Amino acid sequence: MSLLSSLSLNGKNERDNRVKQQVSSSSPQLLTVLGATGTIGVNTLDVVARHPDRYQVFALSGGQQIDKLAQQCIQFQPRYAVTLEAASAAQLQQGLRQQGCTTEVLYGAEALQQIAAHPDVDAVMAAIVGAAGLPPALAAAQAGKKVLLANKEALVMAGRFFMEAVTESGARLLPIDSEHNAIFQSLPADCVSLAQAGVEKIILTASGGPFRQFSAEALSSVTPAQACAHPNWVMGRKISVDSASLMNKGLEVIEARWLFDAIPEQIEVVVHPQSVIHSMVRYRDGSVLAQLGTPDMRTPIAHALAWPERITAGVAALDFLSLPPLTFEQPDLVRFPALSLAFAALEQGADAPAVLNAANEIAVAAFLAEKIRFTAIPQLVENALTHFAHANSGCLDDLFALDQAVRSYTLQHVERITC
Ligand code: NDP
Ligand code: MG
């Protein structure tokens, strides 16, 4: 199962035909944005606002940032907004009524799944951070929607189940992660499999993050503020820490495995500090195709929203004459062991990627809360991978139970470190 096999079904089932008709018809596509208040959500709404004839916001979801969600509701007038809890929903509903906004406010995990799978929805931007984003993203996939997937943790945790849902429902899965979007753009339009397309390697580029040139010793005393100051991209706090530890690249290796049905040997990581080449595909005849651009997430968002057409995204054109030299390095797996842990989890298969993801989420939250050092993140992940080495969930319920067990186990280790 892969994104390629889901794309190879183009035009072969009713839902694909429906999506095609929507793309070419004049009525706007109805869009749900999960995680609207985050950086991907805000960038999505920026692109959407440039094309009111093409996209209409059906539903928005947020977490803690209720004022921001209220402003978005007033601007985009969605049918539904979803918050985490009843109290914030009531507060938002009251505020919106006072402004004459008719958006109905719902709350909770089930409501997120409802706005993702609602029969009127055409496309869903899955941009909630972490495993919390899996159930609504999966609901969108099961309902056969056009799924714009930013939430890489959903695939790392449940790649097999997610891709099966995409294939069974005929959903259209489009990658938002800039590297995977670049690879998607660098593959042939009619690609059924990497082997059939003559692909030898998928080459994921990595910026190297803010600590690329830090010594191992210096890494042990970096702060959350330093980790969140990414040199090239403005991102949420969790993915910023993942980028700094290179765990983000590890998660992306696993994401690529599922999206492109790749084996670990077909995936290579190259550090490219300028983030101009967003990733590459090397073919067996020696050709390398790459996607380049100004580092701005509105490009992959606009690409996926409009695919197979192209729309403007408000992104500054790449000016080759003012670019710094483009350089490339090998990732340093000694200073950044998280990337090796992800490759090891991928090789191990079964539930190892889900264990890696859950432990990493807890470790990153502890680092952001200043409970542990930055260098303790990969140690905690390694502990969990060893402890849960034989986990192999037969169904999604088992996987969610494992996710909780890994979180509790890792939290206990965090407490031990901090005592
Ligand atoms: P942010 O932290 O900026 O945004 C996360 C969004 O999810 C916010 O809307 C937040 O609400 C909401 N949210 C957080 N926790 C929960 C929860 N438990 N239940 C429901 N909603 C929740 O993250 P990003 O936008 O940076 O990233 C989103 C996803 O996209 C991640 O999976 C990331 O890996 C991926 N991605 C991001 C890229 C980027 O450039 N930012 C690039 C490629 C992938 P609130 O803010 O209101 O609390
Ligand atoms: Mg990325």
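Provided above is the structure to which this section pertains.
These notes cover the structure that comes with them. Worth saying up front: this structure is predicted, and the values here are computed from it rather than measured.

**Points about the coordination of the magnesium ion (ligand 2)**
Here the magnesium ion (ligand 2) is held by Asp177 (OD), Glu179 (OE) and Glu252 (OE), and the distances to it run 2.1 to 2.2 Å. Site description for the magnesium ion (ligand 2): donor spacing in sequence, D-x1-E-x72-E. Of this pair, glutamate 179 sits in helix α9 (residues 178–186) while glutamate 252 sits in helix α14 (residues 247–260), and the two are 73 residues apart along the sequence. Both residues of the pair, glutamate 179 and glutamate 252, count as buried.

**Overview of the side chain of asparagine 360**
By the element assignment, asparagine 360 lies in helix α17 (residues 352–368). Its relative accessible area of 0% is what places asparagine 360 among the buried residues. Residues within four places of asparagine 360 in sequence aside, it is in contact with Lys238, Asp242, Met247, Ile377 and Val381.

**Description of the sheet that holds strand β10 (residues 277–283)**
With mixed pairing, 4 strands are arranged side by side in an open sheet as β9-β8-β10-β11. Of all strands in the sheet, those with a lone pairing partner are β9 (267–271) and β11 (288–292), marking the two edges. On average, each strand axis in the sheet is inclined to that of its neighbour by 20 degrees, with strand direction left out of account. Of the strand pairs in this sheet, β10 and β11 are connected by 5 bridges, and their pairing is antiparallel. Looking across to β11, one finds that valine 281 is bridged to leucine 289. Packed on one face of the sheet, α9 meets β8 (199–206), β10 and β11 and runs near 40 degrees to β10. Seen against the sheet, α14 touches β8 and β9 and runs at an angle of roughly 150 degrees to β8.

**A look at the packing of α14 against α17**
Where α14 contacts α17, the axes come no closer than 11 Å and their chain directions differ by 150 degrees. Judged by the inter-axis angle, α14 sits roughly antiparallel to α17. Crossing hand, α14 versus α17: left-handed. Facing Met247, Leu251 and Ile254 of α14, the residues of α17 in contact are Pro353, Leu356, Asn357 and Asn360. Taken together, the residues that form the contact of α14 with α17 break down as 5 nonpolar, 2 polar and no charged.

**Examining the site of ligand 1**
Residues in close proximity to ligand 1 total 24 residues, the closest being Thr37, Thr39, Gln64, Gln65 and Glu153. The separation between an oxygen atom of ligand 1 and a polar main-chain atom of glutamine 64 is 2.7 Å. For ligand 1, whose unbound accessible area comes to 890 Å², protein coverage reaches 85%. Those elements that place two or more of their residues in the shell around ligand 1 are α3 (39–49) and α8 (152–169).

The rules behind each value
- Residues numbered from 1 in each chain as written.
- Chains lettered and ligands numbered in written order.
- Predicted model: local features only at pLDDT ≥ 70, side-chain atom pairs only at ≥ 80, totals over all residues.
- Heavy atoms only, no water.
- Donors = N, O, S within 2.8 Å, 3.2 Å for Na, K, Ca; no water.
- Helix = DSSP H or I, 4+ residues; strand = E, 2+ residues; numbered from the N terminus.
- Buried < 20%, exposed > 50% of the residue type's maximum accessible area, 1.4 Å probe, protein only.
- Contact = heavy atoms within 4.5 Å.
- Pairing = 2+ DSSP bridges.
- Axes fitted to C-alpha atoms, helices over the stretch in contact; angles between N-to-C directions.
- Parallel < 35°, antiparallel > 145°, perpendicular 65-115°, else oblique.
- Left-handed = near helix turned anticlockwise from the far one by under 90°.
- Nonpolar A, V, L, I, M, F, W, Y, C, P; charged D, E, K, R; others polar.
- Near = heavy atom within 4 Å.
- Polar contact = N/O pair within 3.5 Å; in protein donor to acceptor, adjacent residues only side chain to side chain.
- Areas by Shrake-Rupley, 256 points an atom, 1.4 Å probe, with all protein chains shown as cover.

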